[in-house]
Structures are given as C-alpha cells and as structure tokens.
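Residue-level listing of the chains:
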Amino acid sequence: MELMELLKTRRTYRRFDQSRPLPEEVISDINESIRLASSARNGQALRFLAITDPKKVEEIFPNTHFAGALPPEVGTPKEGEHPVAYYAVLYDGSKSSALVDTDAGLAISNMTLAAWNRGVGSVIMGAIDRKAIKEILQLEDPWEINLVVAFGYPTHKSLIVDMKDDNTAYYLDENNDYCVPKRSVEELVKRV
Ligand SMILES: Cc1cc2nc3c(=O)[nH]c(=O)nc-3n(C[C@H](O)[C@H](O)[C@H](O)COP(=O)(O)O)c2cc1C
C-alpha cells in the first residue's frame, strides 16, 4: 500500500474474524518492525511478548477494555469477534521510565502499520488490568506491562470524518463502522 494510504486506513479496529489466526508472515513482519523502531539513545530497552495461543488470548480478553467512548454492549467485541493475538509491550520497572512511553509509541506505530500493510487490524490498549495480565503471562519482576496491542482481521471499516463542535468522540454509523473525527491540518499545524 502507498504510505499515505496506509497511514489513512491504519485506524483502530475493534471487531475481528476470530476464526482467522495471524499467518506466520504477519507475525514475522510485526516482529521485524519492532526491531527496526527508533529508541532513545538506541537503548532498545523494551521487550515484547507475542501472545498467539488462542487459550491465552481468551484469558487476556476480559482484562482489556474496548471503546471507552461507547457503551460496552456496543463497543466490546462479541464472541467470534475477539482479537486473535495480543502483543504486550514490556519495560523494566526497576529503571527510570522517562522515555518508555516514547519508545513504546514508536514501536507500536511500527507494529500496527506492519500488520495493516498485510490487512491485519489492531487496537492499542491502555485500559487494561496490568496486574491480572502480568499473572496470566507469568511475567517476572522487574518486567512490567506498558500497553498491549490486540490484532486480528477486521470485520468492519474505520473511517476518518471531519470533526464538528470540537467533539473528539468516535462513534458507529448505520453500518456499524467506526467513524473517527479528526481535527483539520490547519488546526493542528501552524506554519511559522
Ligand atoms: C495510548 C493509547 C491507548 C489506547 N487505549 C485504548 C483502549 O484501552 N481501548 C480501546 O478500545 N482503544 C484504545 N485506544 C484506541 C484509541 O481510542 C484510538 O486510537 C482513537 O479513538 C483514535 O482512533 P484511530 O486510532 O482510528 O485514529 C488507545 C489508543 C492509544 C494511542
């Protein structure tokens, strides 16, 4: 896909075809995209867990919270629509974490783009029960979970729409597709 088209269509997806696991080449691209990400001082301090075992994925699911802007009965994926993989972004909790979020954001951006380049959608998830997920993954100290990213083949569209009345809340349209209001370039970027 052409880069600007990839950036435009790599949106957040929250309903997936649960019967379609990620092929190895997608996992391999996501993994390589992590390796290629920039990091502060080239420290490459983060680590990642790829969770693809369906049993583990289903254990993690209730500890992740979808679409805070929508009522749960609308925003939470139903049986058959769950993600088929999660990546947990890990940081060393014993070290200063000033640049963890920046490193994590850059890696996550790469990962979600690499996946979308192969038609796999994703949702970055910060509303998660870190303690419970840490236990499920049997993660040892000092490693802590920064965010998780859920992946799967989307079963809906996700469209950018113009923002009205400064309202950033995303919503579902009559086709049950996500509409994501974005500010105009003029509002976001001043040229001096
Ligand atoms: C740091 C971060 C945390 C997020 N956490 C969640 C989450 O816990 N649950 C969820 O459904 N979406 C989550 N999202 C997705 C955002 O809601 C989404 O990016 C936003 O609505 C804009 O949509 P877009 O990604 O299509 O541009 C998160 C996004 C980011 C960047």
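Up top is the structure.
A quick note: this is a predicted structure, and the numbers were derived from the prediction, not measured.

About the criteria used
- Residues numbered from 1 in each chain as written.
- Predicted model: local features only at pLDDT ≥ 70, side-chain atom pairs only at ≥ 80, totals over all residues.
- Heavy atoms only, no water.
- Pairing = 2+ DSSP bridges.
- Helix = DSSP H or I, 4+ residues; strand = E, 2+ residues; numbered from the N terminus.
- Near = heavy atom within 4 Å.
- Polar contact = N/O pair within 3.5 Å; in protein donor to acceptor, adjacent residues only side chain to side chain.
- Areas by Shrake-Rupley, 256 points an atom, 1.4 Å probe, with all protein chains shown as cover.
- Nonpolar A, V, L, I, M, F, W, Y, C, P; charged D, E, K, R; others polar.
- Salt bridge = Lys/Arg side-chain N within 4 Å of Asp/Glu carboxyl O.
- Buried < 20%, exposed > 50% of the residue type's maximum accessible area, 1.4 Å probe, protein only.
- Lys, Arg positive; Asp, Glu negative; His and termini not counted.
- Contact = heavy atoms within 4.5 Å.
- Expected span 1.5 Å × (residues − 1).
- Arc of directions from axis to C-beta.

**Q** What am I meant to see in the sheet that holds strand S7 (residues 178-182) here?
**A** Strand pairs in the sheet, formed through backbone hydrogen bonds, run parallel or antiparallel to each other. Sheet architecture is open: three strands sit in the order S5-S7-S6, paired in mixed fashion. Two strands in the sheet have a free side with no partner beyond their single neighbour: strand S5 (158-162) and strand S6 (171-172). Sheet topology places S6 next to S7; two bridges connect them, and they run antiparallel. Its bridge partner lying in S7, Tyr 171 is registered against Cys 179.

**Q** Would you explain the site of the ligand in this entry?
**A** The immediate surroundings of the ligand are formed by 15 residues, with Arg 11, Thr 12, Arg 14, Ala 67 and Lys 182 found nearest. In this structure, Arg 14 approaches the ligand through a side-chain N or O atom, which is 2.7 Å from an oxygen atom. Between the ligand and Ile 124 there is a distance of 3.0 Å, counted from a nitrogen atom to a backbone nitrogen or oxygen. About the coverage of the ligand: the protein hides 70% of its 610 Å² of free accessible area. Sorting the residues of the shell around the ligand by element identifies strand S3 (121-125) and S7 as the ones contributing at least two each. Of the residues forming the shell around the ligand, the biggest block, three residues, is contributed by S3. Its residues assigned to classes, the shell around the ligand comprises eight nonpolar, three polar and four charged.

**Q** What should I look at first to understand the pattern of salt bridges in this one?
**A** Oppositely charged side chains can form a pair if their charged atoms are brought close together. Counting across every chain of the model gives eight salt bridges. Taking the shortest distance from any N to any O, the salt bridge between Lys 95 and Asp 92 comes out at 3.6 Å. On the accessibility criterion, Asp 92 (15% relative accessible area) is buried. Of the charged contacts in the structure, one is a salt bridge between Arg 183 and Asp 166, with a shortest N-O distance of 2.5 Å. Of the two residues, Arg 183 is situated in the loop between S7 and helix H7 (185-188) and Asp 166 in the loop between S5 and S6; the sequence distance between them amounts to 17 residues. Under the relative-accessibility criterion, Arg 183 is labelled partly exposed at 30%. Each of the salt bridges in this network shares a partner with another, and the network as a whole consists of Lys 134, Asp 141 and Glu 144.

**Q** I tried to follow the side chain of Arg 15 on my own but got confused; where do I start?
**A** Tracing the sequence through the fold places Arg 15 in the loop between helix H1 (3-9) and helix H2 (24-36). Buried Arg 15, no salt bridge; nearest opposite-charge side chain is Glu 81, N-O distance 4.2 Å. A distance of 2.6 Å separates a polar side-chain atom of Arg 15 from the backbone oxygen of Asn 176. In contact with Arg 15, other than residues within four places in its own chain, are Glu 81, Tyr 153, Pro 154, Thr 155, His 156, Leu 172, Asn 176 and Tyr 178.

**Q** I keep staring at H2 and nothing clicks. Help me out?
**A** Since one α-helical turn is 3.6 residues long, residues separated by three or four positions face the same way. Given a rise of 1.5 Å per residue, 13 residues ought to cover 18 Å, and the 18 Å separating the end C-alpha atoms of H2 matches this to within 8%. Every buried residue belonging to H2 is among Val 26, Ile 27, Ile 30, Ser 33 and Ile 34, and all of these are buried. In an axial view of H2, the angular spread of the buried residues amounts to 125°, which keeps them on one side of the axis. Facing away from the buried side of H2, by more than 90 degrees, are the exposed residues Glu 24, Arg 35 and Leu 36. Its buried side turned inward, H2 meets strand S1 (47-51), strand S2 (85-92), helix H5 (100-116) and strand S4 (143-152).

**Q** What's the story with the environment of Ala 69 in this structure? I'm lost.
**A** Within the secondary structure, Ala 69 sits in the loop between helix H3 (54-60) and helix H4 (72-75). For the pair Ala 69 and Tyr 171, spaced 102 residues apart in the sequence, the C-alpha separation amounts to 7.8 Å.

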